[in-house]
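Reading the structure
Residues per chain are reported as follows:
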Protein chains: 2
Amino acid sequence: MGAALPVKVADIAKACGVSPATVSLVLKGSPLVNAKTREKVEAEIKRSGYVYNRAAANLRKQVSTVVALIINDLANPFFAEFASGVDNYLAQRGFVTLLGHSGESVERQAQVLNSLVQHSPVGIILSPAEHTEAEDLTMLNRNLPVLVFNREVPGSWNFLGLDNQTGAEKACQHLLHLGHQQIVFVGGHADSPSCSQRRAGYARAMQLAGKKEYQRFFESAPTKRGGFECASQILEHLADQTPSGFVCYNDAVALGVCQALANKRIRVGWQASVVGFDDIQEAGDHFPPLTTMTTSPKALGERAAEMIFKIRPDTVLHEIVPVELMIRQSTGPK
Amino acid sequence: MGAALPVKVADIAKACGVSPATVSLVLKGSPLVNAKTREKVEAEIKRSGYVYNRAAANLRKQVSTVVALIINDLANPFFAEFASGVDNYLAQRGFVTLLGHSGESVERQAQVLNSLVQHSPVGIILSPAEHTEAEDLTMLNRNLPVLVFNREVPGSWNFLGLDNQTGAEKACQHLLHLGHQQIVFVGGHADSPSCSQRRAGYARAMQLAGKKEYQRFFESAPTKRGGFECASQILEHLADQTPSGFVCYNDAVALGVCQALANKRIRVGWQASVVGFDDIQEAGDHFPPLTTMTTSPKALGERAAEMIFKIRPDTVLHEIVPVELMIRQSTGPK
DNA sequence: CTGAAAGCGCTTACAG
DNA sequence: CTGAAAGCGCTTACAG
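Since the structure is predicted, the reported quantities are computational estimates derived from the model, not experimental observations.

**A closer look at the overall build of chain A**
Along its length, chain A carries 12 helices and 12 strands. With respect to the three principal axes, the spread of C-alpha positions in chain A is 90 × 40 × 35 Å. For chain A, the residues scored as buried account for 53% of the 334 residues in total. Look at the contacts in chain A between residues 6 or more apart in sequence, and 68% of them connect residues 24 or more apart.

If you want it as structure tokens, here you go:
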């Protein structure tokens, strides 16, 4: 038995003594086909191990069943879970996910996009690499639905993002309600839009609470290590007026902060409180679990996939999803 | 300006007063084309915003540029990084990743596979859902290259996996060299193949060290929470002869164990030592960083993608990748 | 209810 | 160096 050539509708048709058109009708479940004919054809389809060639069908039908998804950083659980949400939704609707990974490189992103558009996706969900500019996206034809996720890109793009400012404001308010007097904002790069938005939310909450003069911002890499090192320094240098409330740029930073506090024998959820942002899976798995601002990344992915089908050439969608406080440590300072 | 119809080679040809064949030649960079003709055509391609329709080309050329990748759990960083490695390699070779996510559900996996095969992938990389049996994979035609990753599936499949046993043996040896007297194996479900392989490696090292009678196995969910709860119990109940060495099923468990130790004020890397497995990104980011058994998941992904192109109908590849000790905490007990 | 013919967008022999 | 024709595997009007 050599490498059997793939069987096609013409083969099925010949084997059944019908025309390809009839086989096609059976394939699409058309009620036009005589029951006996249908049975015969279906049996042959099963017997022969026929596999539908969707690319050929799509070409003829002038449709597409693929959506392209470009992720900036798959190693980040937030984006990995987002991707799983996208794929989930698409699979349910009979679509398929064409994945591209930019690894935060604008050049790789351009290559990946150039490759993916050639597969005629019905739309593109782009979680852009850092510092993506409008001119990096010129391969995206105006009549191809594009949804930018999470990070704004200069220009008018359909967008799905988080309400960073209100989120951070709620985070800070939570700490205030717990009775914390000295609350700082830790982590992220001040020049990133999401960081400045979150800082602004923190600042607003502090101001409304009459604590404008205590505002403190600390920069760090948006990682656990960054948060750890940053918090360690804070605890070292602000020894006399150590903050007890930490609004963090994201969960990774927050987990690093928790670690630094633990090292100093400061019990999180008791002498100090920490709020993260993103609700990555680790936030809930951690011990003690991390209070954070949440919009399930998976739900976001599903929403993004949904939006792709709602994009119209003449309008620009701009959806900012509220983030909610997910309280996992209920106690504050004595 | 209405929704411009996509431009195709025929349009380019007409605009340049040449035949579609010539445009096609230009597209593939054929040296046959006259320089002036080429220039003219290339200019028109650029001007018109032409996008190559790879599906049509592939149909005609009888080739495919897609590889299907089915992941059991994208929220797990190990698999997310694996996926990024696959996509990396494929993108370099001009291929594209068709992503499917099973979420550890055998039924979803079947649906996803059925959908993906219709896109004529050149091959399929499958990181199978738990409890996948041969009969769950009947849609995978014999002459479609399939590579099973990480978990064996009954039957003869091309396979890429980790040397779990030797890895765990090395992990245990490391703890023995550090001088630990009481070493336990923590985490995982005993009935999972990877867990029983790792347990066997631990057992072998203990036996070679003449510590057969101290062997202790503890089961837990393969998560951080599982490791935390398990270790907490161990520390509670084995109070008199507390183990100081922990060979862990995977990094997530190991990080949970670290957390439990920290809560008991036992300093990891000093009074106790923990070894993980997988080297997920968090292992290196953690504080203190986690000593673990490593084969970069990203490198594994790249290797898997490479292997897909080496699969031949008449042979079965079976590659077991060694895992190396990645020492991140160099001290042991006093 | 079924078939013959044309065509989706591309490429490949084959002529010239 | 270039073009006319055929065909990848499918589906869709159109006849009958």
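So that's the structure; there's more coming.
**Comments concerning the environment of Q109(A)**
All names here are of chain A. Tracing the backbone through its elements, the reader meets Q109 in helix α6 (residues 106-117). For Q109, a relative accessible area of 0% translates into the label buried. Through-space distance from the C-alpha of Q109 to that of R151 is 14 Å; in sequence the pair is 42 residues apart. Those residues in contact with Q109 that sit more than four places away from it in its chain are S102, L126, S127, P128, A129, T132 and L137.

**Here we look at the interface of chain B and chain A**
Counting residues at the interface gives 48 residues for chain B and 48 residues for chain A. When the area that chain B buries against chain A is broken down by residue, the three leading residues are L99(B), Q118(B) and F287(B), summing to 16%. Our count for the chain B to chain A interface comes out at 0 salt bridges. Every element with two or more residues in the side of chain B that touches chain A is listed here: α4 (54-61), α5 (77-92), β2 (96-101), α6 (106-117), α9 (224-237) and α11 (281-285) of chain B. The greatest single-element share of the side of chain B that touches chain A, amounting to 7 residues, is contributed by α5(B). Its residues assigned to classes, the side of chain B that touches chain A shows 21 nonpolar, 18 polar and 9 charged. One ladder, built from 3 bridges, connects strand β2 (residues 96-101) of chain A with β2(B); its direction is antiparallel.

**Regarding the domain arrangement of chain A**
Split by domain assignment, chain A resolves into domain 1 (9-60), domain 2 (66-162 + 298-323) and domain 3 (164-296). Domain 1 of chain A and domain 3 of chain A are separated by 61 Å when their C-alpha centres are compared.

**Here we look at the pattern of salt bridges**
Should their charged atoms come close, side chains of opposite charge can pair. Across all of its chains, the model carries 20 salt bridges over all chains by this definition. Between E44(B) and R47(B) there is a salt bridge, and its shortest N-O distance comes to 3.0 Å. Here R47(B) and E44(B) lie together in helix α3 (residues 35-48), a separation of 3 residues that amounts to about one turn. Under the relative-accessibility criterion, R47(B) is labelled exposed at 63%. Note that K170(B) is salt-bridged to E324(B), the shortest N-O span being 3.4 Å. Pair noted here: K170(B) is in helix α7 (residues 164-177) and E324(B) is in strand β12 (residues 324-326), with a separation of 154 residues, a long-range link. Using a relative accessible area of 41% as the deciding quantity, one classes E324(B) as partly exposed. One network of salt bridges, with partners in common, ties together R303(A), E306(A), K310(A) and E319(A).

**A few points about the protein's contact with DNA strand D**
The environment of DNA strand D is formed by 25 residues, the closest being Y50(A), Y52(A), R60(A), T37(B) and R60(B). Sugar and phosphate atoms represent 74% of those atoms of DNA strand D found within 4 Å of the protein. The contact in question runs from a phosphate oxygen of DNA strand D to an N or O atom on the side chain of Y52(A), over 2.4 Å. Elements that contribute at least two residues to the surface near DNA strand D include exactly α2 (20-27) and α4 (54-61) of chain A together with α2 (20-27) and α4 of chain B. In terms of residue count, α4(A) provides more of the surface near DNA strand D than any other element does, 4 residues in total. Split into classes, the residues belonging to the surface near DNA strand D amount to 12 nonpolar, 8 polar and 5 charged.

**Things to note about the packing of aromatic side chains**
A complete count under the given rule lists 16 aromatic pairs over all chains for this structure. Judged by centre distance (5.8 Å) and plane angle (50°), the ring pair of F185(A) and Y202(A) falls under tilted. Residue F185(A) is found in strand β6 (residues 183-186), and its partner Y202(A) is found in helix α8 (residues 193-208); the two are separated by 17 residues along the sequence. You'll find F185(A) and Y202(A) in the same group, each marked buried. Put simply, the rings of F78(A), F79(A), F82(A) and F149(A) touch in pairs and so form one group of aromatic residues. The ring of F277(B) carries R198(B) above its face, with NZ or CZ at 3.7 Å from the centroid.

**Looking at the pairing of strand β10 (residues 291-294) of chain A**
Residues and elements named next belong to chain A. A two-sided burial pattern is seen for β10, the buried positions comprising T291 and M293 on one face and T292 and T294 on the other. Of the strand pairs in this sheet, strand β9 (residues 273-278) and β10 are connected by 4 bridges, and their pairing is parallel. Looking across to β10, one finds that G276 is bridged to T292.

**Details of the protein's contact with DNA strand C**
Residues in contact with DNA strand C amount to 25 residues; listed here are only the nearest, T37(A), R60(A), Y50(B), Y52(B) and R60(B). Residue T22(A) places a side-chain N or O atom 2.7 Å away from a phosphate oxygen belonging to DNA strand C. The separation between a phosphate oxygen of DNA strand C and a polar main-chain atom of N53(B) is 3.3 Å. Elements that contribute at least two residues to the surface near DNA strand C include exactly α2 and α4 of chain A together with α2 and α4 of chain B. The biggest single contributor to the surface near DNA strand C is α4(B), with 4 residues.

Conventions we followed
Residues numbered from 1 in each chain as written. Chains lettered and ligands numbered in written order. Predicted model: local features only at pLDDT ≥ 70, side-chain atom pairs only at ≥ 80, totals over all residues. Heavy atoms only, no water. Helix = DSSP H or I, 4+ residues; strand = E, 2+ residues; numbered from the N terminus. Buried < 20%, exposed > 50% of the residue type's maximum accessible area, 1.4 Å probe, protein only. Contact = heavy atoms within 4.5 Å. Buried area = accessible area lost by both parts, 1.4 Å probe. Salt bridge = Lys/Arg side-chain N within 4 Å of Asp/Glu carboxyl O. Nonpolar A, V, L, I, M, F, W, Y, C, P; charged D, E, K, R; others polar. Pairing = 2+ DSSP bridges. Domains from an automatic or database assignment. Near = heavy atom within 4 Å. Polar contact = N/O pair within 3.5 Å; in protein donor to acceptor, adjacent residues only side chain to side chain. Phe/Tyr/Trp six-rings, centres within 6.5 Å; stacked < 30°, edge-to-face > 60°. Lys NZ or Arg CZ within 6 Å of the ring centre and 35° of its normal.

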